[in-house]
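Okay, here's what each chain looks like letter by letter:
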Amino acid sequence: MIKTHVLNAIFRQSLSKSAYRRFATSTALNSENHYDIIVAGGGMVGSTLACTLSKNPKLSNRKILLLEASKDFNWKPTEKYSNRVVALNLNTRKLFERIGFWKHIESVRYSPVYKIQAWDALSESMITFDSSNDTEEVAYIVENSLILYAASIENKSLHNLNIINEARIKSCNLAIHEDDEIRVELENGTSYTCELLLGCDGVSSKVREAMGVQYVGWNYKQMGLVATLNLSEDTEENTIAWQRYIPTGTIALLPLNTKQSSLVWCNTKDNIQKLLKLPPEQFVDELNSALWKQYERNDIVNQATKFLNNILRTLDASSNIMQQLPPNICSIEQSSRAAFPLGFGHSANYIRKGAALVGDAAHRVHPLGGQGVNLGFGDICCLDEILGNAVYSGRKLNNLLDLRKYETARQRHNVPTMLALDGLQKLYTTDFTPVVLLRSLGLQITHALTPVKRAIIEQASH
Ligand SMILES: Cc1cc2nc3c(=O)[nH]c(=O)nc-3n(C[C@H](O)[C@H](O)[C@H](O)COP(=O)(O)OP(=O)(O)OC[C@H]3O[C@@H](n4cnc5c(N)ncnc54)[C@H](O)[C@@H]3O)c2cc1C
């Protein structure tokens, strides 16, 4: 009996190269392991992208595969909050409403944020962000697990989406010629082919590696410590997100409910290691001290900020709105402390023939602005629209011009946001007087200029 691969080789020799490629593509199209789109990585971004594309009416007859390295997600909401939360912006909420995630989140829990207050420990300067209307939220605090939970419920109901867990991608073979198909090989030896591969596999993306694109990245000499905090007082007013800039980093308190908040404390690696090992009571003392401690302030900075305040008051643009005081912390939830490395990373290109990067695979930011995953959700909205329109107009999913539109639109948005966040991180981890002076005056002026603050909120919402 002649083996199939021998027949295949004879057949290949008798055909021209392009005719063989057409044959190979059409046979693979009928095969079970061929998909129109493969989404690599089912984290918050990958599972949201898979759902969004599967629900796009213009893509409803396309077969989509989601490959995720970890086990099937079987988390169920419990009374105890998870220590990993994200601050979602208004556009992310709109996306979640559109694809059906929000109803699941709403039925469990989320915390609306009506105001953000950030202030400098080394000067009088501070900034607040709130909506034009007091009853509107500026952000929503949601547990990462709850987002994945909502995604798993919605995704399981989609007929055109296949999800495979424990599917760790070993390598990807990307298209070189016009009609080449893309091959994804798993560590267990199984292969899948597709027309378009979307890399949502995070910071150490295999898809990005296969694309061979330039990646600029560095690690901050900091880690982010997270924990669930119990407040000293039960208060309906726990709807403010607080961020204090101290010389070693930032401390953010994100409201969870009337008596609990979630902590993201960015600090030097050595300090974080010490903080992780402290007994809970001592940890709470350190945290309250970092939130309340009066740092020694420079006279020049003090005088300059007072002088600027007077000018702003004369111009009727006073930045001297009363600084509110953050809540006092009384204890932390048992075993809720954990720490994560922090870094910056950006891929010079988000696309290549037949492939595109989405979320942290394309860009990684410091958490001080609460923007990381929101940038990824912004990528999803953009890609969804572009791919839907391409197919509706009769073009292929891997059309390079369409993919380039995605890259251009998202880089125009992501790069300035990322540079601003990196700049803030650097600006606020020094006590060098000229820098403290400049950043304090800058913060005061920004705080006084409502249109500038609106523009910042607008940029952070896309
Ligand atoms: C302390 C901290 C606080 C943060 N707070 C905020 C915030 O308030 N707001 C905000 O917007 N962002 C925040 N972020 C950032 C946010 O967490 C990330 O941007 C987000 O998790 C990125 O999601 P992702 O799905 O792109 O990547 P990931 O979460 O890294 O997911 C990648 C997925 O791909 C899978 N995968 C990886 N390799 C493979 C492979 N070879 N084969 C198959 N699957 C693979 C992984 O298992 C994983 O499920 C914070 C980050 C930190 C560290």
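That block above? That's the structure.
From a predicted model like this one, the values you see are computed outputs, not experimental measurements.

K.L.:
Before we move on, could you go through the site of the ligand and cite the residues and values that matter?
P.N.:
Of all residues adjacent to the ligand, which total 27 residues, the nearest are Glu68, Ala87, Ile169, Asp360 and Val373. Contacts to the ligand include alanine 69, whose backbone N or O atom sits 3.2 Å from a nitrogen atom. Within the backbone of glycine 370, one N or O atom sits 3.2 Å away from a nitrogen atom of the ligand. For the ligand, whose free accessible area comes to 1000 Å², the fraction covered by protein is 83%. For the shell around the ligand, the elements supplying multiple residues, two or more each, are helix 3 (44-55), strand 3 (85-88) and helix 11 (372-392). With 3 residues, helix 11 is the single largest residue contributor to the shell around the ligand.

K.L.:
Could you give an account of the packing of aromatic side chains, with specific residues and numbers?
P.N.:
All told, the structure shown has 12 aromatic pairs when counted by the stated rule. Centroid distance tryptophan 119 to tryptophan 242: 6.2 Å. Interplanar angle 80 degrees. Geometry classified as edge-to-face. Linking tryptophan 119 in strand 5 (residues 115-120) with tryptophan 242 in strand 13 (residues 240-246), this pair joins segments that are 123 residues apart in sequence. Both residues of the pair, tryptophan 119 and tryptophan 242, count as buried. Their ring planes at 55 degrees and their centres at 6.4 Å tell us that tyrosine 350 and tyrosine 406 sit as a pair that is tilted. Here tyrosine 350, found in the loop between strand 17 (338-347) and strand 18 (351-352), pairs with tyrosine 406, found in helix 12 (residues 400-427); they are 56 residues apart in sequence, far enough to count as distant. When sorted by exposure, tyrosine 350 lands in the same class as tyrosine 406, which is buried. Taken together, the aromatic side chains of Phe73, Trp75 and Tyr149 make up a single cluster linked through ring pairs. Across the ring face of tyrosine 215, the terminal group of arginine 208 is positioned such that the distance to the ring centre comes to 3.6 Å.

K.L.:
Which residues make up the environment of valine 45, and what are the values?
P.N.:
Assignment of secondary structure puts valine 45 in helix 3. Distance in space between the C-alpha atoms of valine 45 and cysteine 200 is 6.4 Å, their sequence separation being 155 residues. Those residues in contact with valine 45, other than ones at most four positions away along the chain, are Cys200, Val358, Gly359, Val373, Gly376, Phe377 and Ile380.

K.L.:
I'd love a proper account of the side chain of asparagine 144, names of residues and values included.
P.N.:
Take asparagine 144: it is sitting in helix 6 (residues 144-156). The class for asparagine 144 is buried, based on a relative accessible area of 11%. Asparagine 144 has contacts with Met44, Arg84, Val85 and Val86, leaving out every residue within four places of it along the chain.

K.L.:
How would you summarise the pattern of salt bridges if you had to cite specific residues and measurements?
P.N.:
Per the stated rule, a full pass over the model turns up 12 salt bridges. Here aspartate 379 makes a salt bridge to arginine 410, at a shortest N to O gap of 2.7 Å. One end of the pair, aspartate 379, is in helix 11; the other, arginine 410, is in helix 12, and 31 residues separate them in sequence. Of the two residues examined, aspartate 379 and arginine 410, each falls in the buried class. In this structure, the salt-bridge partner of arginine 395 is aspartate 402, at a minimum N-O distance of 2.8 Å. When its relative accessible area of 2% is taken as the criterion, aspartate 402 is described as buried. Beyond isolated ion pairs, a larger network of salt bridges with shared partners links Lys55, Lys103 and Glu154.

K.L.:
Lay out unusual backbone geometry with the relevant residues and their values.
P.N.:
Unusually for a residue other than glycine, glutamate 166 sits at a positive phi of about 50 degrees. Glutamate 166 sits in the exposed class, given a relative accessible area of 52%. Not every positive phi belongs to a glycine, and serine 335 is a case in point at roughly 55 degrees. Counting through the fold element by element, serine 335 comes out in the loop between strand 16 (329-332) and strand 17.

Criteria and thresholds
By convention here, each chain's residues receive numbers from 1 onward along its written sequence. The predicted nature of this model means local features are confined to residues of pLDDT at least 70 and side-chain atom pairs, given and counted, to a pLDDT of 80 or more, with totals for whole chains, interfaces and linings taken over all residues. Side-chain measures here rest on the full set of heavy atoms in the structure, leaving out hydrogens and waters. We call a residue near a given molecule or strand whenever any one of its heavy atoms falls within 4 Å of it. The term polar contact refers here to a pair of N or O atoms within 3.5 Å; inside protein, the definition further demands a hydrogen-donor-capable atom paired with an acceptor-capable atom, and it admits residues adjacent in sequence only when both atoms are side-chain atoms. Accessibility throughout is a Shrake-Rupley quantity obtained with a 1.4 Å probe, and a residue counts as covered only by protein chains that appear here. The helix count covers DSSP runs of H or I at least four residues long, the strand count covers runs of E at least two residues long, and both are numbered beginning at the N terminus. Only Phe, Tyr and Trp rings are paired, with Trp represented by its six-membered ring, and only when their centres lie within 6.5 Å; those with planes under 30 degrees apart are stacked, over 60 edge-to-face, the remainder tilted. Think of it in three bands: residues with accessible area under 20% of the maximum for their type are buried, residues over 50% are exposed, and the middle band is partly exposed, with areas taken using a 1.4 Å probe on protein chains only. Two conditions define a charge located above a ring, namely a distance within 6 Å from the ring centre to NZ of Lys or CZ of Arg, and an angle within 35 degrees of the ring normal. In this description, contact between two residues means that some pair of their heavy atoms is separated by no more than 4.5 Å. Every case where a carboxyl oxygen of Asp or Glu lies within 4 Å of a side-chain nitrogen of Lys or Arg is listed as a salt bridge.

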